[in-house]
Amino acid sequence: MSSGKGEAKVPVAGRRNVLVTSALPYVNNVPHLGNIIGCVLSADVFARYCRLRGHNVLYVCGTDEYGTATENKAIEEGCSPLEICDKYHAIHKEVYEWSNISFDHFGRTSTPQQTEICQSIFHKLLDNNWLSENTMQQLYCESCQRFLADRFVVGSCPVEGCGNDTARGDQCDRCGRLLNSTELIDPRCKVCEGIPVVRHTDHLFLELPLLEEKLEKYIDEASATGSWSQNAVRITDAWLKEGLRPRCITRDLKWGVPVPHEKYKDKVFYVWFDAPIGYISITACYTPEWEKWWKNPENVELYQFMGKDNVPFHTVMFPSALLGTGENWTLMKNISVTEYLNYESGKFSKTKGIGVFGNDAKATNIPADVWRYYLLSNRPEASDAVFTWGGLQIKHNNELLKNLGNFIYRVLSFIAKPEGAGYGSIIPEAPNADIHPLGQSLAETVGNLIQQYTDAMDKVKLKQGLKIAMAISSEGNAYLQESQFWKLYQQDPASCATVMKTSVGVVYLLACLLEPFMPSFSKDVLQQLNLCPNEHISFADEKGESDKAKRPWDLIPSNHRIGKIVPLFTELKDDAVDSFRETFAGSQAERNARAN
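Residues numbered from 1 in each chain as written. Predicted model: local features only at pLDDT ≥ 70, side-chain atom pairs only at ≥ 80, totals over all residues. Heavy atoms only, no water.

Asks: Outline the sheet that holds strand β4 (residues 131–141), listing residues and values.
Replies: Strand order in the open sheet formed by four strands is β5-β4-β9-β10, and the pairing between neighbours is antiparallel. The sheet terminates laterally at β5 (146–147) and β10 (247–248), the two strands that pair on one side only. (Pairing = 2+ DSSP bridges. Helix = DSSP H or I, 4+ residues; strand = E, 2+ residues; numbered from the N terminus.)

Pasting the structure below:
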């Protein structure tokens, strides 16, 4: 998952260089399925697809370790913030490894590189007069004897009609409105439940209104050329229409990047100022030549993946900070944003421990690729989606088992049958395949679907890309039925050989096309085909390999011996699904109580 072998990647002249990031997950809990589909899994599919296309790809991510959420969790668990970070960084890494996430480097933000780069950007902003000082009102807990950072305050949301009485001091999870803690109705300290008082404190602000002209020019160009997802455009436009205001970039906390300014030396940077800089510092931990990726907009395309609550920080705050430095940064070309994935009848929540978490998914013994398939086919791209155990079962049994698995097993198991009943595991010769009418029709259909697949995936329409790939499997099943190969074997051996050779080519294509979505499945299919997993078709335009797909009968040579054939999927039964639904009901705390 993380680099540690071989030479670090750098941009290559003459190739398409793609830098992929996914929103840095907080270290305040195990990632749940909503976190996974919202950032790391979606980014992983795109990074894998870009590799399949022959692009030079660097995919970086890591744990977001500074800020109030970490201090909060440390208080809850009675340890230091660093101990929390160490614990949850390891848990996150394990979950992502199990999920087959192909990071080139998975790092963290509590590093010297983060401090150095964050402070460097701050100095540039200060020198260029994009920062201001202001006194602001902030809630102070007299019992805890400290100013309360946003997430240490809870209260009722002030937005009319919302009614959420557990809104945080920085954001309401119900209506999505960004807040200041002093706006909350009936605020209380999250640590001691005491009622805080308002006090004055000095802070530094990023002057977004002064940067608005630069920012709008960048947004207009990037959103047009980069095909931003519609929800990203909508959320960003709403921010701009509302009018940009100076944004506070410092906090009265101890755990964070220290502010290198004499007056503010007891404060740290606000996590939403320093967290996106984590993409840069994590790259710097991966390679000392990080500037070749991050200060090279002419040769590097930056794609970022996240949930909708992270959008303004990536389309307004982060680019504003980089633009304000006056340096030649690689700014985001494309942003792909998911809506929320809800859980059964409620919401996933890391804070409340509700939903299916990464370690839960692993504990079910349902293969990681099945989880990947369900989440990606249910990806909340244009509207919120719902995870249900029944939905997982239907997708698995009807689409993976009866469509995809059935097609591949029928083809390979027939070839594996001994002579007289099959081909003794040897791919038959089919010299007249290119004039076989049924095969020609299938090849034309498959060729068109592959073009649609690459068009969708290039535009980061991942759910559509997966649907198209699965349609090829459906076409394969229809081809088998229409050809009636089991009759042809005795009645027209030459035609049967053509059907089998064509079908095994489609099996190979499916292994390649579905690799971004289900890498273990792809590896298993290639193993059954007795092919090296690292040498599959790449669909690289410069190699002309996409054209090979239009002749599936030529993809695997005659007389090639396939490997051992086993079913790829097994039925997910009702009693297992009922058991999972019961086991993972309620919060993590309630489950632990039941278990004990």
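Back to the text.
Asks: Requested: an account of the nonpolar core, with residues and values cited.
Replies: Counting residues in each nonpolar core, the largest one holds 172 residues, and the members touching the most others are L33, F387, W389, L404 and L514. With sequence-adjacent residues up to four places away left out, L514 is seen in contact with L404, L466, A469, M470 and F521. By size, the runner-up hydrophobic cluster in this structure holds 15 residues, among which are V153, C162, A167 and L253. (Core = buried A, V, L, I, M, F, W, Y, C linked by side-chain atoms within 4.5 Å. Buried < 20%, exposed > 50% of the residue type's maximum accessible area, 1.4 Å probe, protein only. Contact = heavy atoms within 4.5 Å.)

Asks: Just give me the short version of helix α17 (residues 493–513), but keep the residues and values in it.
Replies: Helix length check: α17, at 21 residues, gives a terminal C-alpha distance of 30 Å against a target of 30 Å (1.5 Å per residue), a fit within 8%. Most of α17 is tucked away: 19 of the 21 residues are buried. (Expected span 1.5 Å × (residues − 1).)

Asks: Account for the sheet that holds strand β2 (residues 56–63), naming residues and giving values.
Replies: The five strands lie next to each other as β3-β2-β1-β13-β14, forming an open sheet whose pairing is parallel. The open sheet terminates on both sides in strands that have one partner only, identified here as β3 (105–108) and β14 (332–338). Strand-to-strand twist of the sheet, defined as the mean angle between neighbouring strand axes without regard to direction, takes the value 20 degrees. Sheet analysis places β2 next to β3, joined by four bridges and oriented parallel. Its bridge partner being in β3, V60 is matched across the sheet by H105. (Axes fitted to C-alpha atoms, helices over the stretch in contact; angles between N-to-C directions.)

Asks: So what's going on with the environment of A549? Which residues, and what values?
Replies: The residue A549 is located in the loop between α19 (545–548) and α20 (574–583) in this model. As a C-alpha pair, A549 and L392 span 157 residues in sequence and 31 Å in three-dimensional space. Other than its neighbours up to four places away in sequence, A549 contacts V446, I450, L509 and F539.

Asks: Explain the side chain of H89 to me, and be specific about the residues and the numbers.
Replies: Mapped onto the elements, H89 comes out in helix α3 (residues 81–98). In this structure the side chain of H89 is engaged in a polar contact, spanning 2.9 Å, whose partner is the side chain of T63. Setting aside its immediate chain neighbours within four residues, H89 contacts V27, T63, E65, F106, G107 and R108. (Polar contact = N/O pair within 3.5 Å; in protein donor to acceptor, adjacent residues only side chain to side chain.)

Asks: Explain the domain arrangement of the protein chain to me, using residue names and the numbers behind them.
Replies: As a measure of interface size, the accessible area lost when the parts come together is often cited. Per the domain assignment, the segments of the protein chain are domain 1 (17–128 + 210–246 + 269–338), domain 2 (131–205) and domain 3 (402–561). Domain 1 and domain 2 are separated by 25 Å when their C-alpha centres are compared. Tallying the contact residues gives 15 residues for domain 1 and 13 residues for domain 2. In this assembly, domain 1 packs against domain 2 so that about 1,200 Å² is buried in total across both faces, 64% of it on carbon and sulfur atoms. (Domains from an automatic or database assignment. Buried area = accessible area lost by both parts, 1.4 Å probe.)

Asks: How would you explain a negative patch on the surface if you had to name every residue and give the values?
Replies: Side chains of E213, E216, D220, E221 and D237 sit close together on the surface and give a patch of like negative charge. Looking at the negative patch element by element, the count peaks at four residues for helix α5 (residues 208–225). (Patch = residues over 30% accessible without salt bridge, like charges linked within 9 Å, V, L, I, M, F, W, Y side chains within 5 Å. Areas by Shrake-Rupley, 256 points an atom, 1.4 Å probe, with all protein chains shown as cover. Salt bridge = Lys/Arg side-chain N within 4 Å of Asp/Glu carboxyl O. Lys, Arg positive; Asp, Glu negative; His and termini not counted. Charge placed at Lys NZ, Arg CZ, Asp CG, Glu CD.)

Asks: I'd like to hear about the packing of aromatic side chains, residue by residue, with values.
Replies: Per the counting criterion, the structure on display carries 29 aromatic pairs. Relative to W329, the ring of W290 has its centre 6.3 Å away and its plane inclined at 25 degrees; by these criteria the two rings are stacked. Of this pair, W290 sits in the loop between α8 (277–286) and α9 (291–294) while W329 sits in the loop between α10 (311–325) and β14; the two residues are 39 residues apart in sequence, bridging distant segments of the chain. Exposure remark for W290: the relative accessible area of 14% places this residue in the buried category. Given a relative accessible area of 5%, W329 falls into the buried group. Taken together, the ring pairs in this structure connect Y343, W371, Y374, F387, W389, F580 and F584 into an aromatic cluster. One cation-aromatic arrangement involves R146 over F152; the distance from NZ or CZ to the ring centre is 4.4 Å. Across from the ring centre of Y140, 3.9 Å away, lies the NZ or CZ of R199, which sits over that ring. (Phe/Tyr/Trp six-rings, centres within 6.5 Å; stacked < 30°, edge-to-face > 60°. Lys NZ or Arg CZ within 6 Å of the ring centre and 35° of its normal.)

Asks: Before we move on, can you summarise the packing of α17 against helix α18 (residues 519–528) with the specific residues and values?
Replies: Close contact between α17 and α18 brings their axes to 8 Å; oriented N to C, the two are set at 150 degrees. Here α17 lies roughly antiparallel to α18, going by the angle between them. Pair α17 / α18 crosses with left-handed handedness. Residues V507, Y508, L510, A511 and C512 of α17 lie in contact with α18, whose contacting residues are F521, S522, V525 and L526. Residues of the contact of α17 with α18, tallied by class, amount to eight nonpolar, one polar and no charged. (Parallel < 35°, antiparallel > 145°, perpendicular 65-115°, else oblique. Left-handed = near helix turned anticlockwise from the far one by under 90°. Nonpolar A, V, L, I, M, F, W, Y, C, P; charged D, E, K, R; others polar.)

Asks: Describe the packing of α8 against α10, listing the residues and the values that go with them.
Replies: At a minimum axis distance of 10 Å, the contact between α8 and α10 shows a crossing angle of 60 degrees. Judged on the interaxial angle alone, α10 and α8 are oblique. Taken together, the residues of α10 that come into contact with α8 (itself represented by I277, Y279 and I280) are H314, F318 and L322. When the residues that make up the contact of α8 with α10 are grouped by side-chain class, the tally is five nonpolar, one polar and no charged.

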